[in-house]
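Fold and geometry: a report
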Amino acid sequence: MMIAHPGSEVRVLIRSRPTANFAQELIEYLPDGQTVSVHQRKDSRKGVVNNQLSSWSFRLDGVLHDVSQEEVYGRVGRGVVLGALEGYNGTVMCFGQTGAGKTYTMTGATENYKQRGIIPRALQEVFHEVEQRSDHAFSVHLSFLEIYNETLVDLLASVRGCPGVGPGGMAVVEEAGGGVSVRGLSLHPVHSEEAALNLLFEGEMNRIIGAHALNKNSSRSHCILTVHIESRSRTLSDAKYVTSKLNLVDLAGSERLGKTGSEGQVLKEAMYINKSLSFLEQAILALADRRRDHVPFRQTKLTHALKDSLGGNCNTVLVANIYGEASQIEETLSTLRFASRMKCVQMDPVVNEHTDPVLQVRKLEKEIQLLKQELSIHNTLANRMGMSYDTLSETQVAEIQSQVRRYLEGSLDEINIVSIRQIQEVFAQFKQAVQQQEQKVKAQLCQNYTLVEKAQSTAGSTAAKSQGSQGTVGVVEGHGFGVGLAVPSDRHIRLLSPGRTKAIKTKELASQGRKEAVEGRSPGPGKQVESVNPVQRDREGREHDTQSQEPQGPQEPLRTEYTHTYVPLYNICPVYYMCYSMHRDNMSDLVFLPSSSPPPKAEAFEDFKAERGSEINRILKENKVVLLERRARLRELTECVNTAKREIDSTSTALHQWRDKRQSQGQFVSAEGVPVLDEAELSLTLRLRELKTQYRQQYEELRGTKAEVSYCQHLVDQCRTRLLTEFESWYNESFLLPEEVQAMLRSGGPIRPGLVPVYKALALEEDEQEHFERLRYELLADSPSAISFYNAQYRTVQRVSLVQTNTLSLWVMNE
Ligand code: ADP
Ligand code: MG
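Residues numbered from 1 in each chain as written. Chains lettered and ligands numbered in written order. Predicted model: local features only at pLDDT ≥ 70, side-chain atom pairs only at ≥ 80, totals over all residues. Heavy atoms only, no water.

With that out of the way, let us pick up the overall build of the protein chain. A tally of helices and strands in the protein chain yields 23 helices and 20 strands. Taking all 815 residues of the protein chain together, the buried fraction comes to 45%. Across the protein chain, the fraction of contacts at a sequence separation of at least 24, relative to all contacts at a separation of at least 6, is 74%. Summed over its atoms, the accessible surface of the protein chain is roughly 43200 Å², and 53% of this surface lies on carbon and sulfur atoms. (Helix = DSSP H or I, 4+ residues; strand = E, 2+ residues; numbered from the N terminus. Buried < 20%, exposed > 50% of the residue type's maximum accessible area, 1.4 Å probe, protein only. Contact = heavy atoms within 4.5 Å. Areas by Shrake-Rupley, 256 points an atom, 1.4 Å probe, with all protein chains shown as cover.)

So, on to the nonpolar core. Of all hydrophobic cores here, the largest spans 44 residues; its most connected members are Met93, Leu145, Ile224, Leu251 and Leu280. It is helix 8 (residues 329-342) that contributes the most residues to this core, six residues altogether. Contact partners of Ile224, with chain neighbours within four places excluded, come to Ser143, Phe144, Leu145, Ile147, Asn247, Leu248, Val249, Leu302, Ala305 and Leu306. Membership of the second largest hydrophobic core comes to 40 residues, among which are Leu85, Leu142, Leu197 and Cys223. (Core = buried A, V, L, I, M, F, W, Y, C linked by side-chain atoms within 4.5 Å.)

Overall, antiparallel pairing links the three strands, which are arranged 3-4-5 in an open sheet. The outermost strands of the open sheet, each flanked by one partner alone, are strand 3 (27-29) and strand 5 (54-59). Shown here is a sheet whose adjacent strand axes are inclined to one another by a mean of 15 degrees, direction ignored. Contacts between helix 8 and the sheet are confined to strand 3, strand 4 (35-40) and strand 5, with strand 4 contributing the most and set at about 140 degrees to the helix. (Pairing = 2+ DSSP bridges. Axes fitted to C-alpha atoms, helices over the stretch in contact; angles between N-to-C directions.)

A few words now on the UniProt feature "binding site: ATP" (unreviewed entry) in the protein chain. Within this numbering scheme, the UniProt entry marks Gly96, Gln97, Thr98, Gly99, Ala100, Gly101, Lys102 and Thr103 as carrying the feature "binding site: ATP" (unreviewed entry). Mapped onto the fold, Gly96 is located in strand 7 (residues 90-96). Gly96 has contacts with Lys102, Ala252, Gly253, Ser254, Asn321 and Thr335, leaving out every residue within four places of it along the chain. Assignment of secondary structure puts Gly101 in the loop between strand 7 and helix 2 (102-106). (UniProt positions renumbered as here; feature names shortened; annotations may be inferred.)

Taken together, Arg15, Arg17, Pro18, Gln97, Thr98, Gly99, Ala100, Gly101, Lys102, Thr103 and Tyr104 make up the full set of residues adjacent to ligand 1. Taken together, the elements giving at least two residues each to the shell around ligand 1 come down to strand 2 (11-17) and helix 2. No other element matches helix 2, which puts three residues into the shell around ligand 1. Looking at the shell around ligand 1, its residues break down into three nonpolar, five polar and three charged. (Near = heavy atom within 4 Å. Nonpolar A, V, L, I, M, F, W, Y, C, P; charged D, E, K, R; others polar.)

We now examine helix 9 (residues 357-381). Relative to the 36 Å expected for 25 residues at 1.5 Å per residue, helix 9 spans 36 Å between its end C-alpha atoms, a close match to the ideal helical length. Where helix 9 starts, the residue carrying a side-chain oxygen 3.1 Å from the main-chain nitrogen of Val358 turns out to be Asp356. Phi turns positive, to about 60 degrees, at Asn383, one or two residues after helix 9. (Expected span 1.5 Å × (residues − 1). Polar contact = N/O pair within 3.5 Å; in protein donor to acceptor, adjacent residues only side chain to side chain.)

Here the focus is the layout of surface pockets. Counted as a void, the largest pocket has a volume near 860 Å³. Around the largest pocket sit 38 residues that line it, and Glu175, Gly179, Val180, Lys245 and Asp308 are the ones nearest its centre. Elements with a minimum of two residues in the lining of the largest pocket: strand 8 (136-148), strand 11 (180-183), strand 13 (222-233), strand 14 (240-250) and strand 17 (352-355). No other element matches the five residues that strand 13 contributes to the lining of the largest pocket. Of the residues that constitute the lining of the largest pocket, the class distribution is 13 nonpolar, 20 polar and five charged. (1 Å grid on protein atoms, 1.4 Å probe; cavity = no way out; pocket = protein on both sides within 12 Å on 5 of 7 lines; lining within 4 Å. Points joined across faces, edges and corners; volume = space filled by probe spheres on them.)

This paragraph deals with the pairing of strand 14. Most of strand 14 is tucked away: nine of the 11 residues are buried. Bridge analysis of strand 7 against strand 14 gives five bridges, and the strand direction is parallel. Bridging from a neighbouring strand, Gly90 pairs with Leu246 of strand 14. By the bridge criterion, four bridges tie strand 14 to strand 17 in an arrangement that is antiparallel. Bridging across to strand 17, Tyr241 finds its partner in His354.

Across the protein chain, the average pLDDT comes to 73, with 64% of residues at 70 or higher. Counted against residues more than four places away or in other chains, residues 750-767, with its pLDDT under 50, gives 24 contacts. Predicted confidence for residues 800-815 stays below pLDDT 50, and this span has 46 contacts to residues more than four positions away or in other chains. (pLDDT = per-residue confidence, 0-100.)

Let us now look at the pattern of salt bridges. Summed over the entire model, instances satisfying the criterion amount to 27 salt bridges. Across the salt bridge formed by Glu230 and Arg232, the nearest N and O atoms sit 3.3 Å from each other. Glu681 serves as the salt-bridge partner of Arg659, at 2.7 Å between the closest nitrogen and oxygen. Here Glu681 lies in helix 19 (residues 679-736) and Arg659 lies in helix 18 (residues 614-665), a separation of 22 residues in the sequence. Each of the salt bridges in this network shares a partner with another, and the network as a whole consists of Glu9, Asp61 and Lys343. (Salt bridge = Lys/Arg side-chain N within 4 Å of Asp/Glu carboxyl O.)

Glancing now at the side chain of Ser37. Take Ser37: it is sitting in strand 4. The exposure class assigned to Ser37 is buried, which follows from its relative accessible area of 9%. Not counting residues within four places of it along the chain, the set of residues in contact with Ser37 comprises Leu26, Ile27, Glu28, Leu30, Trp56 and Ser57.

The subject of this paragraph is the packing of helix 1 (residues 69-86) against helix 3 (residues 118-132). In contact at an axis separation of 9 Å, helix 1 and helix 3 are set at 45 degrees when each is read in the N-to-C sense. Considered as vectors, helix 1 and helix 3 are oriented oblique to each other. Crossing handedness for the pair helix 1 and helix 3: right-handed. The residues of helix 3 that touch helix 1, namely those facing Gln69, Glu70, Val72, Tyr73, Val76, Gly77, Arg78, Val81, Leu82 and Leu85, are Ile118, Arg121, Ala122, Glu125, Val126, Glu129 and Val130. (Parallel < 35°, antiparallel > 145°, perpendicular 65-115°, else oblique. Left-handed = near helix turned anticlockwise from the far one by under 90°.)

The next subject is the environment of Ser8. Within the secondary structure, Ser8 sits in strand 1 (residues 8-9). Distance in space between the C-alpha atoms of Ser8 and Lys343 is 9.9 Å, their sequence separation being 335 residues. With sequence-adjacent residues up to four places away left out, Ser8 is seen in contact with Val345, Gln346 and Met347.

It is worth spelling out the packing of helix 10 (residues 394-409) against helix 11 (residues 420-448) at this point. Interhelical geometry of helix 10 versus helix 11 gives an angle of 55 degrees and a closest axis separation of 9 Å. Overall, the two elements helix 10 and helix 11 adopt an arrangement that is oblique. Considering only the axes of helix 10 and helix 11, their crossing is right-handed. Touching Val397, Ile400, Gln401, Gln403, Val404, Tyr407 and Leu408 of helix 10 are Gln422, Glu425, Val426, Gln429, Phe430, Gln432 and Ala433, all from helix 11.

All right, on to the packing of aromatic side chains then. This structure, assessed with the given rule, holds nine aromatic pairs. Centre to centre, the rings of Phe22 and Tyr29 are 5.8 Å apart; their planes meet at 20 degrees, and the pair counts as stacked. With a centroid separation of 5.8 Å and an interplanar angle of 40 degrees, the aromatic rings of Phe727 and Trp730 are classed as tilted. With a gap of three residues between them, Phe727 and Trp730 both fall in helix 19, about one helical turn apart. In this structure, Phe727 and Trp730 share a single accessibility class: buried. Among the aromatic residues, those joined into a cluster by ring pairs are Phe605, Phe608, Phe727, Trp730 and Tyr731. Over the ring of Tyr113 we find Arg116, and its NZ or CZ is 3.8 Å from the ring centre. The ring of Trp56 is capped by Arg337, whose NZ or CZ atom sits 5.3 Å from the centre of that ring. (Phe/Tyr/Trp six-rings, centres within 6.5 Å; stacked < 30°, edge-to-face > 60°. Lys NZ or Arg CZ within 6 Å of the ring centre and 35° of its normal.)

Listed below in structure tokens is the structure:
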């Protein structure tokens, strides 16, 4: 059998029509039976003598010279036909100039049985094989297509019972899987060689009638007889079946326009023929070039209809028919050139195997039945009775759901594995539980916070950066739990409590000061750290005239230390991390706080203030009240001092003016000749003296009040630190320490709760403060006016330590 191997080339054979005037001196068949040499001495068309001898050699797959029709079929057709019966597409195609013997080769002399061509022999072989291969059920259909001047003609449309062409007419259409078919082309089932031959003759007849009716020559149309074969195994109850198409193609004559001197209708035909043949050649060349992924099949009906019959998934054999007379040498050369180009086309024929879905389902059902039986035998042997492998019932699903719930709650230790279906359902229930939990937490968070997706809060992120977080602030190391400025991370959440959003608009100046504090830059002398408290302005104010002190605005609220909170979600709790990993892609940036994790710090802090920290919190509040009251007084005094100063200035100006005026009028003297003050000057002078006294008194009081404000501020800061430190210890002990450590800290345990961590923390604070106090009083002894500077410095130092050790400024500062 001559079935092409994958990657082999299209087979091309030469057949020459017998003639008494064979140009022996021009055409030479070499003894290898494959090579043709063509020698040309003159340009026969132009009649110009060309003394230079030109020779061409064409090596193809065989030369059929003086060969019987039977042998031609054996060498050209048989392999393709047998391949088609196995499920490989096949094409046998003749081309060459008109009269070279294409029709003779394909169809043969219909009146002579011995001279019948490839098509009747192929049909005979198909049915012979169908009979032989009784293990397969074959179904054979025939179609016969003619392409004339780019028009598709169904040569079997006249057959009785033919449905006729639909409204859309005939067209080449692409099929799923890369094949093509001709819409509207009738397919005729055939069961015998005779029936097939009848259709062939009917088609041939129609071709001739059509040619007469249209005054056309039948050799100016392309003809494709297709045998559609489907085969299923009778022995294997297999859902698989194979199909194939066997195309037997008689192409129109390939002679060129110039030679025939055609005009009118003939010229038009010749143009169409040339066009389709040249596109056939282009398609063939594209097929031959493996680097090209586009083959221009659709350019003409011929190439489009032959799309799945040229190279590719197809056994293709071409016969190049030549007419070996000297006068035809140009056409012969042209045909041989075309033939050698065709030879380059690669073929990868594969069996067209399909699966019958209905049979497939039936087959699989049988297999499942068998496997269930196998399993039940296996279970009996393994003492596992009563197993079911059917889809889980609703009751079973509900039972699994309840198991998973109890497992999550802790009331069920483990879930026994029973079957694959059960395992799958357990996982499904877990997934559902996680999703529900996500939804719940999201809803809760939305109630308490304004959640801003990271992408929407670029400004917020920038703010976070400008706050100077270097990845340490705000994270309680070792616990992976922290609220405050946190490690820069690709997944953040921005929590803004409703009451806090306003505070974000804190003046830039304040945040600038904060930034410096956070970065640990110690403010140099004269460097303004706090812009809010009048006390901090004191030093500057004192260095200049009191008048230059700007009038203080209304009491500004205490600045929020931190208004934004960035929390890497998976730092908040390990459970979230699990969920985050599982739902990395679809989980939005939300905090996940399951009930078993530590309570949110903000909440815990409220509880702490109400209970354990109530005393210190009360003191803090009282101190704050005093601080506010003292500040208000300070503002009042500043206002008075400023007013007094302004009055002093205006009075002294008036006095000077008066004196100047008096001077220009001459000296005012008494009766004794002693210069005296007039009444107005006297009154101005007295007023000025009075104002100065008042100013000095108020200024003294201002200084005193400033000192008080600063002292109160210390107390408040100190209380705040203490409250936060104690809270941190309490929180760590209560929620973050492992069970065993908590047990040790409980009453009766070896360690008194709260004592160690709080004491440690406070000891540090107190040491620092004592040191500062001592320093301050030493300094103040020399220069009482330095108090504001040292106050500011102290607070900055304190704030840095606060920021570093404390993550709770957020709530406290908002108090
Ligand atoms: P084409 O289809 O290429 O135009 P035909 O098949 O019609 O050419 O052949 C033209 C003539 O030559 C026909 O009369 C045909 O019988 C004859 N002929 C062609 N090839 C052979 C051959 N190998 N043996 C005998 N006669 C042939
Ligand atoms: Mg012909």
